[in-house]
Amino acid sequence: MLGAVQSPDFRTLESEKQMSMLDWYVALVRSKAAELLSLTDILDILVADAFFSKYEFVNEVIGMGFRFVGRLRANSYLRYLAIPDSSAPRRRGRKKKYGEKVDFSNLDMSVFTSFIYEDSKGNKTRCHTAVVHSKTRHPYRGLSG
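From a predicted model like this one, the values you see are computed outputs, not experimental measurements.

1. With respect to helix H1 (residues 10-17)
Next up, step 1: Two to three positions downstream of the cap, the backbone nitrogen of Arg 11 sits 2.8 Å from a side-chain oxygen, assigning the N-cap of H1 to Asp 9.
Next up, step 2: Following H1 by one or two positions, Gln 18 adopts a phi angle in the positive range, close to 50°.

2. Things to note about the pattern of salt bridges
Any two side chains of opposite charge can pair, on the condition that their charged atoms come close.
Next up, step 1: Counting across every chain of the model gives two salt bridges.
Next up, step 2: The residue Glu 60 makes a salt bridge to Arg 30 at a minimum N-O spacing of 2.6 Å. A residue pair is termed long-range when its members are at least 10 positions apart, and Glu 60 in helix H3 (residues 55-63) and Arg 30 in helix H2 (residues 21-38) qualify at 30 residues.
Next up, step 3: Given the relative accessible area of 33%, Glu 60 is considered partly exposed.
Next up, step 4: Look at Arg 30 and you get partly exposed, because its relative accessible area is 46%.
Next up, step 5: Notably, a salt bridge pairs Asp 44 with Arg 67, separated by 3.0 Å at the nearest N-O pair. Here Asp 44 is found in the loop between H2 and strand E1 (45-48), whereas its partner Arg 67 is found in strand E2 (residues 67-70), with 23 residues between them in sequence.
Next up, step 6: The buried category is assigned to Asp 44, whose relative accessible area is 19%.
Next up, step 7: Exposure remark for Arg 67: the relative accessible area of 49% places this residue in the partly exposed category.

3. What about the packing of H2 against H3?
Next up, step 1: It is at 10 Å that the axes of H2 and H3 come closest, and there the two elements cross at 10°. Here H2 lies roughly parallel to H3, going by the angle between them. Handedness of the crossing formed by H2 with H3: right-handed. Together, Leu 22, Tyr 25, Val 26, Val 29 and Arg 30 of H2 and Glu 56, Phe 57, Glu 60 and Val 61 of H3 make up the contact between the two elements.
Next up, step 2: Classifying every residue of the contact of H2 with H3 by side-chain character gives six nonpolar, no polar and three charged.

4. Focus: the nonpolar core
Among soluble globular proteins, nonpolar side chains are generally buried collectively.
Next up, step 1: Ranked by size, the top nonpolar core spans 14 residues in total, and within it Val 29, Leu 46, Phe 52, Phe 57, Val 61, Met 64 and Phe 66 carry the most contacts.
Next up, step 2: At the level of elements, H2, E1 and H3 are the ones that each hand at least two residues to this core.
Next up, step 3: Looking at which element gives the most residues to this core, the answer is H2, with six residues.
Next up, step 4: Leave out the neighbours within four places in its chain, and Val 61 touches Val 29, Leu 46, Phe 66 and Phe 68.

Rules behind the numbers
- One numbering rule holds for all chains: residues counted from 1, following each sequence as written.
- The predicted nature of this model means local features are confined to residues of pLDDT at least 70 and side-chain atom pairs, given and counted, to a pLDDT of 80 or more, with totals for whole chains, interfaces and linings taken over all residues.
- Hydrogens and water molecules were not included; the side-chain quantities draw on all heavy atoms of the structure.
- In protein, a polar contact means a hydrogen-donor-capable atom and an acceptor-capable atom, both N or O and within 3.5 Å, with residues adjacent in sequence counting only if both atoms are side-chain atoms; elsewhere, any N or O pair within 3.5 Å suffices.
- Secondary structure elements follow DSSP: runs of H or I no shorter than four residues count as helices, runs of E no shorter than two count as strands, and numbering proceeds from the N terminus.
- Just to be clear on terms, a salt bridge is a Lys or Arg side-chain nitrogen sitting within 4 Å of an Asp or Glu carboxyl oxygen.
- We call a residue buried when its accessible area falls under 20% of the maximum for its residue type, exposed when it is over 50%, and partly exposed in between, using a 1.4 Å probe and counting protein chains only.
- Between the N-to-C directions of two axes lies an angle of 0 to 180 degrees, each axis being a line fitted to C-alpha atoms and, for a helix, fitted only over the stretch in contact.
- Each angle receives one of four descriptions, namely roughly parallel if under 35 degrees, roughly antiparallel if over 145, roughly perpendicular if within 65 to 115, and oblique otherwise.
- Crossing chirality is assigned from the near helix's rotation relative to the far helix, an anticlockwise turn below a right angle marking it left-handed and a clockwise turn marking it right-handed.
- Residues count as neighbours in contact if any of their non-hydrogen atoms are within 4.5 Å of one another.
- Only Asp, Glu, Lys and Arg are considered charged, only Ala, Val, Leu, Ile, Met, Phe, Trp, Tyr, Cys and Pro nonpolar, and every remaining residue, Gly among them, polar.
- Within this scheme, the nonpolar core is defined by two criteria: the residues are buried Ala, Val, Leu, Ile, Met, Phe, Trp, Tyr or Cys, and they are joined through side-chain atoms within 4.5 Å.

Functional significance is not addressed by these values, which are geometric in nature.
Structure below.
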């Protein structure tokens, strides 16, 4: 264990340091980044919960040399990639990039690849994987300059 740090109260951060909680966590990771990355050649993966799966945090930690793994936020907007229809007539303009929104209660299994994962204890889990597009809000959209 490298250490344990108590997160400050968000009101204290905002009033005394003019920082958000996300800014504080980025600064905390930055202060430990060199030490974490030097521990082993393969320890460059930072795992975090959905709170940290935000554009600003992910880009910062990737810039520090980490790979990021996190749970998707509950309000994530995922879309399937568009599948070109070769029988459709050719039209002018850019081709469609994205298909329908991913409905987690009714997945389009034709898009997914399935496999069985077996852990060291022999427990088997069916897994599904697919490449989809995550629609995000760009932090600088709407600003002039």
